[in-house]
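Here are the chains, one letter per residue:
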Amino acid sequence: MTSRTPRRWVVLVLGILAAWLLGAVVVRLGLDWADTYPYSPASEIRYLVIAGVALTIAFGGSIASVLWVRRGRKTRR
């Protein structure tokens, strides 16, 4: 176990937290935007699109963080 291992874990956890935080910000801003329109059946579609974009950002950022940390480990060896 090297001294770099804890730093990798910190970077990984911070990256995942940042991805989910960005997803939450997208939800908040997207719902604020969607609520500027009057309610209609199209509103439900807007809400689903916002949720899909937020989840894509959160999961994509989490996967990118894991891959980034793994790639950094392989290049240091």
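Attention here is on the structure that accompanies the text. (Residues numbered from 1 in each chain as written. Predicted model: local features only at pLDDT ≥ 70, side-chain atom pairs only at ≥ 80, totals over all residues. Heavy atoms only, no water.)

## Remarks on the overall build of the chain
We count it as follows: Numbering of helices and strands runs from the N terminus; a helix is a DSSP stretch of H or I covering at least four residues, while a strand is a stretch of E covering at least two. Type-normalised accessible area, obtained with a 1.4 Å probe on protein chains alone, sets the label of each residue: buried when under 20%, exposed when over 50%, and partly exposed for intermediate values. Using a 1.4 Å probe, accessible areas were evaluated by the Shrake-Rupley method; residue-level cover was limited to the displayed protein chains.
A count of helical and extended segments in the chain gives 2 helices and 0 strands. Taking all 77 residues of the chain together, 19% fall into the buried category. In the form shown here, the chain has an accessible surface area of approximately 6,000 Å², with 72% of it arising from carbon and sulfur atoms.

## Here we look at the packing of aromatic side chains
Aromatic ring pairs are defined here through the distance separating the ring centres and the angle between the ring planes. Selection criterion: Ring geometry is summarised as follows: Phe, Tyr and Trp rings, the Trp one being its six-membered ring, pair when their centres sit within 6.5 Å, and such pairs are stacked at plane angles under 30 degrees, edge-to-face over 60 and tilted between the two.
A complete count under the given rule lists 2 aromatic pairs for this structure. Ring plane angle 80° and centroid distance 5.2 Å describe the contact between W20 and F59, whose orientation is recorded as edge-to-face. With a gap of 39 residues between them, W20 in helix α1 (residues 4–34) and F59 in helix α2 (residues 41–76) connect regions that are remote in the sequence. A relative accessible area of 38% places W20 in the partly exposed class.

## Some remarks on the environment of G30
For G30, the position within the fold is in helix α1. Look at G30 and you get buried, because its relative accessible area is 12%.

## Examining the pattern of salt bridges
So the rule is basically this: We count a salt bridge whenever a side-chain nitrogen from Lys or Arg sits within 4 Å of a carboxyl oxygen from Asp or Glu.
Here the structure, examined in full by the defined rule, presents 1 salt bridge. The closest approach of N and O atoms between D32 and R28, which form a salt bridge, is 3.4 Å. Taken together, the residues span about one helical turn, with D32 and R28 both in helix α1 at a distance of 4 residues.

## Some remarks on the environment of L12
For the record, the criterion: Contacts are assigned to residue pairs with any non-hydrogen atoms lying within 4.5 Å of each other.
Position of L12 among the secondary structure elements: in helix α1. We classify L12 as buried; its relative accessible area is 15%. Residues L12 and V69, 57 residues apart in the sequence, show an inter-C-alpha distance of 6.4 Å. L12 has contacts with S65, V66 and V69, leaving out every residue within four places of it along the chain.

## A word on a nonpolar patch on the surface
Using the following cut-off: The patches reported here contain residues having more than 30% relative accessible area and no salt bridge. Joining distances are 9 Å for like charges and 5 Å for nonpolar side chains (Val, Leu, Ile, Met, Phe, Trp, Tyr).
A cluster of nonpolar side chains, W20, L55, F59, I63 and L67, forms an exposed patch at the surface whose accessible area comes to about 510 Å². Broken down by element, the nonpolar patch gets its largest block of residues, 4 residues, from α2. Inspection of the secondary structure assignment puts I63 in helix α2.

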